[in-house]
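Residue-level structural notes
Single-letter residue listing:
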Amino acid sequence: KLFGLNKKTGIELYGEKEGQIAGDNLNRTWQFGETLSAAIGQSENAYTPIELANYIATLANGGKLNKVSIVKSVKSEDNTKELTVEELNKISTEISGEEFEERTIDIGDDILNAVKQGMLSVTTETGGTANIVFKNSDIQVAGKTGTSQLGIGVENGLFVGFAPYDNPKIAVVAIIEHGDEGTYTANVVKPIMEEYFKISNENSANEKAQNAVKSTFGY
């Protein structure tokens, strides 16, 4: 609940659903043995991709749970006025119906580092469930594969991750319905991350070139 996994993120889209934490609002008697299953992510946990993405981003940035938004800024046609963050948040709340509370979660460094190092081992160590996907990548990715059990039919494949490990810039979550397991889903995330950093590097190079021209420096 601290990570907001049981409520809407307030993203500016209609129809967002909130996740469900096992044990909440099930309208039946909870059995003790179910606590053991819930503790490892099984049982009746059900989260949305955007909730998971914000959860992973919170781990990556050291514990800051941020407001999720698809809007960077809103400016007037003549570019002389720009809505403030407070005004944007007010509009976002009106659209989503959710007043999301940003907060810093107090996670001990030892706990946070243990989780992040565990996620790194998933992609970098022999035997890691996504090592085969990321072992030749130029980007150091921390991730977690998942198999979301449905109770009927082939399970959903899930992968969550952030990169680069030492200086996170992006968090990605992908789900393949009936995709069997998260290792397969990691193959979807890898090119997304590579494309993101390719574009980011190109933008940095262009910005560097423009600044050099403006400053009349050559390189």
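Residues numbered from 1 in each chain as written. Predicted model: local features only at pLDDT ≥ 70, side-chain atom pairs only at ≥ 80, totals over all residues. Heavy atoms only, no water.

Section: the packing of aromatic side chains
- Using the criterion set out here, one finds 4 aromatic pairs in the structure.
- A ring pair is formed by Phe3 and Tyr55, whose centres lie 5.0 Å apart and whose planes are at 85 degrees; its orientation type is edge-to-face. Of this pair, Phe3 sits in the segment before helix 1 (32-39) while Tyr55 sits in helix 2 (residues 49-60), and the two are 52 residues apart along the sequence. (Phe/Tyr/Trp six-rings, centres within 6.5 Å; stacked < 30°, edge-to-face > 60°. Helix = DSSP H or I, 4+ residues; strand = E, 2+ residues; numbered from the N terminus.)

Examining the sheet that holds strand 5 (residues 170-176)
- Across the sheet, which stays open at both edges, the 3 strands sit in the order 3-4-5 with antiparallel pairing between neighbours. Each edge of the open sheet is held by one strand with a lone partner, namely strand 3 (142-148) and strand 5. Taken over all neighbouring pairs, the strand axes of this sheet differ in orientation by 10 degrees on average, direction set aside.
- Inspection of the sheet shows strand 3 paired to strand 4 (residues 156-163) by 7 bridges, in the antiparallel sense. Its bridge partner being in strand 4, Gly146 is matched across the sheet by Leu158. (Pairing = 2+ DSSP bridges. Axes fitted to C-alpha atoms, helices over the stretch in contact; angles between N-to-C directions.)

Thoughts on the nonpolar core
- The biggest cluster of nonpolar side chains holds 19 residues, and the ones touching the most others in it are Phe3, Ile56, Leu59, Met119 and Phe162.
- Broken down by secondary-structure element, the contributors of at least two residues to this core are helix 2, helix 4 (109-124) and strand 4.
- It is helix 2 that contributes the most residues to this core, 5 residues altogether.
- Not counting residues within four places of it along the chain, the set of residues in contact with Ile56 comprises Met119, Val160, Gly161, Phe162 and Ala171.
- Counting residues in hydrophobic clusters, the runner-up holds 15 residues, among them Ala163, Ala174, Val189 and Met193. (Core = buried A, V, L, I, M, F, W, Y, C linked by side-chain atoms within 4.5 Å. Buried < 20%, exposed > 50% of the residue type's maximum accessible area, 1.4 Å probe, protein only. Contact = heavy atoms within 4.5 Å.)

Some thoughts on the pattern of salt bridges
- Under the counting rule described, the total for this entry stands at 2 salt bridges.
- The partner of Lys7 in a salt bridge is Glu98, with the nearest N and O atoms 3.5 Å apart. Here Lys7 is found in the segment before helix 1, whereas its partner Glu98 is found in the loop between helix 3 (85-96) and strand 2 (103-104), with 91 residues between them in sequence.
- Overall, the relative accessible area of 30% leaves Lys7 in the partly exposed class. (Salt bridge = Lys/Arg side-chain N within 4 Å of Asp/Glu carboxyl O.)

Concerning helix 2
- In a regular helix each residue adds 1.5 Å, so 12 residues correspond to 16 Å; helix 2 covers 16 Å between its end C-alpha atoms and thus fits that length.
- Summarising the contacts, the buried residues of helix 2 are in contact with strand 1 (64-65), helix 4, strand 4 and strand 5.
- Once helix 2 ends, the next one or two residues include Gly62, with phi positive near 95 degrees. (Expected span 1.5 Å × (residues − 1).)

A few points about a nonpolar patch on the surface
- Residues Leu13, Ile70, Val71 and Val74 make up a contiguous nonpolar surface patch of roughly 310 Å² in combined accessible area.
- Mapped onto the secondary structure, Leu13 falls in the segment before helix 1.
- Under the relative-accessibility criterion, Leu13 is labelled partly exposed at 46%. (Patch = residues over 30% accessible without salt bridge, like charges linked within 9 Å, V, L, I, M, F, W, Y side chains within 5 Å. Areas by Shrake-Rupley, 256 points an atom, 1.4 Å probe, with all protein chains shown as cover.)

Some details on helix 4
- In this model helix 4 runs 22 Å from its N-terminal to its C-terminal C-alpha over 16 residues, within 8% of the 22 Å that 1.5 Å per residue would give.
- Here helix 4 has its buried residues at Leu112, Lys116, Met119, Leu120, Val122 and Thr123. Projected down its long axis, helix 4 shows its buried positions confined to an angular sector of 150 degrees, all on one face. Within helix 4, the exposed residues directed more than 90 degrees away from the buried face are Asp110, Ile111 and Gln117.
- Contacts made by the buried residues of helix 4 are with helix 2, helix 5 (131-134), strand 3 and strand 4. (Arc of directions from axis to C-beta.)

Focus: the pairing of strand 5
- Sheet analysis places strand 4 next to strand 5, joined by 7 bridges and oriented antiparallel. Following the sheet pairing, Leu158 is matched in strand 5 by Ile175.
- As consecutive antiparallel partners, strand 4 and strand 5 are separated by 6 residues.

Keep in mind these values describe shape, not function.
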